[in-house]
Amino acid sequence: MERPNRDIYVKSDSFEALAGKMPGGTEALERLAALGARLDGMNLPDERRDVLAKACRALTGGALNGEPEFALKRHIVEEVRRLSDDELPRYLFYRYRYDVYPTTRQLDAFPPCVQIEPTSICNYRCVFCYQTDRSFTQGRQGHMGMMDLEMFKNVVDQIEGEVEAVTLASRGEPLMCRNIKEMLEYLRGKFLGLKMNTNAWFLTEELAHTILQTGLNTLVFSVDAAEPELYARLRVNGKLERVLENIKMFSEVRRKHYPDSRLITRTSGVHFSDEQDFDKMQEFWSEFVDQVAFVDYNPWENAYETAPRGIEAPCSDLWRRMFIWWDGRANPCDVDYKSELAVGNAGELDVSSLWRSDAYEDLRRRHIAGKRGALTPCAGCAVV
Ligand code: SF4
């Protein structure tokens, strides 16, 4: 499950001072300003040049009247720091569209982010997760399965060069997919914003090497506690001891064999109970990962029964990301884990056509018209 992280915003009227407070902030600003200055001499399609020019202006405090807000944030500084000057235009083109298009409700040929689901199967039954819904997990319901390699390569081939933010994960545990090693190898060097979420249960030394050689940008370990008893209660079927050993092993493999790796590792917890202590999590996990984060709980496990919330604002995900599930079904989100809102199938239509399909456009129109309350599960969903 993909969820937003807490972040620092740099207001445009004092961006230099605030950027100076972030490690690497001033250097990032200088490099972005230099990119803005050399855009005219670069061989780029006009549309890409326009987007990059707007992005550079906004980030360096020179946005023109009426141009959308696009602020420097801590994770942008962090990502810029890890990229070469040659990679910056690709990165910025994606980051601007990812952050801004959901607010301006713009679309182009591809989604800013694609989430590919290697498998919908999971070995855990976390108390806040839809894996506890038997109408989802029972085999005869048809929701469980693993993506075949041919489908995976077909999707990757279409989005390479068009999309930079690609996440491996959605409803299931990706390391349970029998093709995961081949999938990771196929992704090698193709995307700047490649991410995977895992519970780390099946993480082996061999997979650690594969992950580190793939050029993954972010590896998120889903953990929700720092105490074995609480972990086992929240992450049903899991054991903190085993996961900790695997994460330690990963950190050691990286330290020993890939000292120049640009990978960011993060433990992420769902803030579900008052028993979870963020300070303890921070203290416990920060020895083994680069970042520790908590995200807010959204009732994923019963999205279809949640009472309507009366929200009228459109859902930003409709302009930000598309999910391709193991069987090729294209879905606007994984809150809708039973695919009521599916917009087509990647086995029948290409990714770009799915993104601009009538079904997707109709969904967007209904959200813009303030009618999400008539849609299940949008009516009870908190995402805006
Ligand atoms: S509002 Fe609808 S489309 Fe958006 S995340 Fe929620 S269920 Fe999905």
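Scroll up to find the structure this text is about.
The rules behind the values
- Residues numbered from 1 in each chain as written.
- Predicted model: local features only at pLDDT ≥ 70, side-chain atom pairs only at ≥ 80, totals over all residues.
- Helix = DSSP H or I, 4+ residues; strand = E, 2+ residues; numbered from the N terminus.
- Rg over C-alpha atoms; globule rule 2.2 N^0.38 Å.
- Buried ≥ 20, exposed ≤ 12 C-beta atoms within 10 Å, placed from the backbone.
- Pairing = 2+ DSSP bridges.
- Axes fitted to C-alpha atoms, helices over the stretch in contact; angles between N-to-C directions.
- Parallel < 35°, antiparallel > 145°, perpendicular 65-115°, else oblique.
- Contact = placed C-beta atoms within 7 Å.
- Nonpolar A, V, L, I, M, F, W, Y, C, P; charged D, E, K, R; others polar.
- Arc of directions from axis to C-beta.
- Core = buried A, V, L, I, M, F, W, Y, C linked by C-beta atoms within 7 Å.
- Right-handed = clockwise from strand over helix to strand, strands pointing away.

S.K.: Please set out the overall build of the chain residue by residue, giving values where relevant.
M.R.: The secondary structure content of the chain amounts to 14 helices and nine strands. For 384 residues, the compact-globule estimate of 2.2 N^0.38 gives 21 Å, and the chain sits close to it at 21 Å. Summarising its shape, the C-alpha atoms of the chain cover approximately 55 × 50 × 40 Å along the three principal directions. Residues classed as buried in the chain amount to 40% of the 384 residues present.

S.K.: Residues and numbers for the sheet that holds strand β9 (residues 344-345), please.
M.R.: A sheet is described by the order of its strands in space; here nine strands give the open sequence β6-β5-β4-β3-β2-β1-β7-β8-β9, paired in mixed fashion. A single partner strand is all that each edge strand has here, and the edge strands are β6 (291-296) and β9. Bridging between strand β7 (residues 321-324) and strand β8 (residues 329-331) involves two bridges; their strand directions are antiparallel. When the sheet's bridge partners are listed, Ile 324 is paired in β8 with Ala 330.

S.K.: How would you sum up the packing of helix α3 (residues 46-59) against helix α5 (residues 88-104)? Please name residues and give values.
M.R.: One way to put it is that α3 packs onto α5 with a least axis distance of 9 Å and a crossing angle of 75°. Comparing the axis directions of α3 and α5 gives the class roughly perpendicular. Residues Arg 48, Val 51, Leu 52, Lys 54 and Ala 55 of α3 lie in contact with α5, whose contacting residues are Pro 89, Leu 92, Phe 93, Tyr 96 and Arg 97. Residues belonging to the contact of α3 with α5 are distributed by class as follows: seven nonpolar, no polar and three charged.

S.K.: Requested: an account of helix α4 (residues 74-81), with residues and values cited.
M.R.: Ile 76, Val 77, Glu 79 and Val 80 are the residues of α4 that are buried. Buried residues of α4 fall within an arc of 165° about the axis and therefore sit on the same side. Of the surrounding secondary structure, the elements contacted by the buried residues of α4 are α2 (25-38) and α5.

S.K.: So, the nonpolar core: which residues are in play, and what are the values?
M.R.: Core analysis: the biggest nonpolar cluster contains 94 residues, and Ala 55, Val 114, Val 166, Ile 324, Val 351 and Leu 354 have the highest contact counts within it. With seven residues, the single largest contributor to this core is α5. Once residues lying within four places of it in the same chain are set aside, the contact partners of Val 114 are Ile 159, Val 163, Val 166, Arg 321, Met 322, Ile 324 and Val 351.

S.K.: Break down helix α14 (residues 358-368) for me, with residues and values.
M.R.: All buried positions along α14 are accounted for by Tyr 360, Leu 363 and His 367. For α14, the angular spread of the buried residues around the axis is 60°, confining them to a single face. In α14, those exposed residues whose orientation departs by more than 90 degrees from the buried face are Asp 358, Asp 362 and Arg 365. Where α14 is buried, its residues meet α13 (351-355). Positioned one or two residues after α14, Gly 370 has a phi angle of 75°, which is positive.

S.K.: Please give an account of the pairing of strand β2 (residues 165-168) that cites residues and values.
M.R.: Alternating residues of β2 divide into Ala 165 and Thr 167 and Val 166 and Leu 168, and every residue in both groups is buried. The pairing of strand β1 (residues 113-116) with β2 spans four bridges and is parallel. Bridge pairing links Cys 113 to Ala 165 in β2. As paired elements, β2 and strand β3 (residues 193-198) share four bridges and run parallel to each other. Across the sheet, residue Ala 165 finds its bridge partner in β3, namely Gly 193.

S.K.: Tell me about the pairing of strand β4 (residues 218-222), and name the residues and values.
M.R.: Judged by how many residues are buried, β4 sits mostly within the fold: five of five residues are covered. Residue alternation in β4 divides its side chains into two sets, Thr 218, Val 220 and Ser 222 and Leu 219 and Phe 221, and both sets are buried. Across four bridges, β3 lies against β4 in parallel orientation. Note on β4: the bridge partner recorded for Lys 195 is Thr 218. For the crossover from β3 across helix α9 (residues 205-214) to β4, the handedness is right-handed. Note that β4 and strand β5 (residues 264-271) share five bridges and pair parallel. Among the inter-strand pairings, Leu 219 is bridged to a residue of β5, identified as Thr 265.

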